[in-house]
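Okay, here's what each chain looks like letter by letter:
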Amino acid sequence: MNAFRCRVCGSELFFENSVCVSCGTPLGYSRVEHDIVPVDVAGRYVDPDGFIWHVCRNLNISGCTWLARFEGGQCESCDLTRVRPNDADLEGLGNFVPAERAKRQLIVELDRLGLVVGPPLCFDLLSSTNQSVTTGHDSGVITIDLAEGDDAYREKVRGKMDEPYRTMLGHFRHEIGHYYQWQLVVSPDETSRFRALFGDETADYQEAIDRHYAEGAPAGWQDSFISQYATMHPHEDFAETWAHHLHIRDTIDTAVRFGLIDDPDVDSFRQLVIEVWMPLSTALNIVNRSMGKDDLYPFVIPAPVLDKLDYVAGLVERATA
Ligand SMILES: [Zn+2]
Ligand SMILES: [Zn+2]
Ligand SMILES: [Zn+2]
């Protein structure tokens with residue numbers, strides 16, 4: 001995440017700020033400038049080309065601070081949401097806020113990587129208050145169960161699933177992995193690279209789910225997978241690896257921007273993980289323990305996972321070259 005500063009008074013800003021807490025200037029996020037910019041009392045920002053932007057109409061619904069092209073319109077992040085809870089569903093709308101926040105954070109990172117973020121990609125952010133919802137990806141549509149925005153609920157599921165880490169942002173990073181696999185692993189070359197690392201993705205998915213929930217992860221899974229869930233099916237292994245690739249990149253990026261570490265001078269993602277991420281994540285884990293919190297990054301990266309992470313980084317590089 002970027003380190004943002006108020007253009008009026010120079011104070012540090014958080015990505016979610018709609019107002020500078022130091023000088024009171026109303027703010028908006030410009031996706032074009034990748035920066036938080038001051039807006040006038042009517043929520044307008046005039047960019048360097050003279051174009052007038054307007055704060056997204058969903059500011060009071062989802063806390064969206066992004067700038068929209070039209071007065072009374074919504075921003076490009078909100079445009080990607082196809083379905084949201086209806087106005088009468090107060091519980092769903094409450095959990096809609098952290099989901100949209102995580103989605104905006106995801107988009108900023110995808111923008112930084114230079115990945116295409118647009119149709120056919122869209123999000124159904126569904127409330128499971130009155131219906132059952134399964135988080136997942138299908139042909140460009142990412143469905144998120146908004147109940148996962150509720151800390152008590154998510155923590156309960158995390159314990160039940162025996163997961164060391166479960167967050168709304170993590171769900172978005174995992175599901176977008178399925179999307180980009182679908183978009184980018186297409187050519188015969190790319191497919192054979194994929195299969196060499198993750199296995200045959202045409203393996204029956206329902207069978208894999210049934211086996212996983214009946215038997216759990218195979219013994220010794222830690223030697224070649226990042227999580228138990230990744231052992232279920234090559235699709236899940238890829239999505240988990242993709243999510244970790246984003247976790248690692250964004251956290252290193254943030255550490256650099258806040259002066260915790262120097263800008264890494266490395267030749268590969270593999271080298272970045274070994275020389276920068278491993279020591280940084282260990283230090284951050286111990287920082288968390290100093291505060292009585294659980295580890296920030298409760299994972300171990302064995303050599304085969306390093307190969308998979310390096311492949312994902314290469315896939316992104318090839319897609320954005
Ligand atoms: Zn300010
Ligand atoms: Zn918006
Ligand atoms: Zn998945």
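Scroll up to find the structure.
Residues numbered from 1 in each chain as written. Chains lettered and ligands numbered in written order. Predicted model: local features only at pLDDT ≥ 70, side-chain atom pairs only at ≥ 80, totals over all residues. Heavy atoms only, no water.

A. Structural detail: the packing of helix 9 (residues 269–290) against helix 10 (residues 303–320). Running from amino to carboxyl end, helix 9 crosses helix 10 at an angle of 130°, the nearest separation of the two axes being 8 Å. As the angle between them shows, helix 9 and helix 10 are arranged oblique. On helix 10, the residues that touch Phe269, Arg270, Val273 and Ile274 of helix 9 are Leu306, Asp307, Leu309, Asp310 and Ala313. (Axes fitted to C-alpha atoms, helices over the stretch in contact; angles between N-to-C directions. Helix = DSSP H or I, 4+ residues; strand = E, 2+ residues; numbered from the N terminus. Parallel < 35°, antiparallel > 145°, perpendicular 65-115°, else oblique. Contact = heavy atoms within 4.5 Å.)

B. Local environment of helix 6 (residues 188–198). Buried within helix 6 we find Glu190, Thr191, Phe194 and Phe198. One side of helix 6 holds all its buried residues, which, seen down the axis, span an arc of 100°. Away from its buried face by more than 90 degrees, helix 6 exposes Pro188, Asp189 and Ala196. Those residues of helix 6 that are buried are in contact with helix 5 (168–184), helix 8 (234–257) and helix 10. (Buried < 20%, exposed > 50% of the residue type's maximum accessible area, 1.4 Å probe, protein only. Arc of directions from axis to C-beta.)

C. Quick look at the packing of aromatic side chains. In this structure the tally under the stated criterion is 17 aromatic pairs. Judged by centre distance (5.2 Å) and plane angle (20°), the ring pair of Tyr180 and Trp242 falls under stacked. One end of the pair, Tyr180, is in helix 5; the other, Trp242, is in helix 8, with 62 residues separating them in the sequence. Taking the relative accessible area as the measure of exposure, Trp242 reaches 0% and is therefore buried. Feature note: the residues Tyr179, Tyr180, Trp182, Phe194, Phe198, Phe238, Trp242 and Tyr311 constitute an aromatic cluster, connected by ring pairs. In this structure, Lys103 is placed above the aromatic ring of Phe123, and the distance from its NZ or CZ to the ring centre is 5.8 Å. (Phe/Tyr/Trp six-rings, centres within 6.5 Å; stacked < 30°, edge-to-face > 60°. Lys NZ or Arg CZ within 6 Å of the ring centre and 35° of its normal.)

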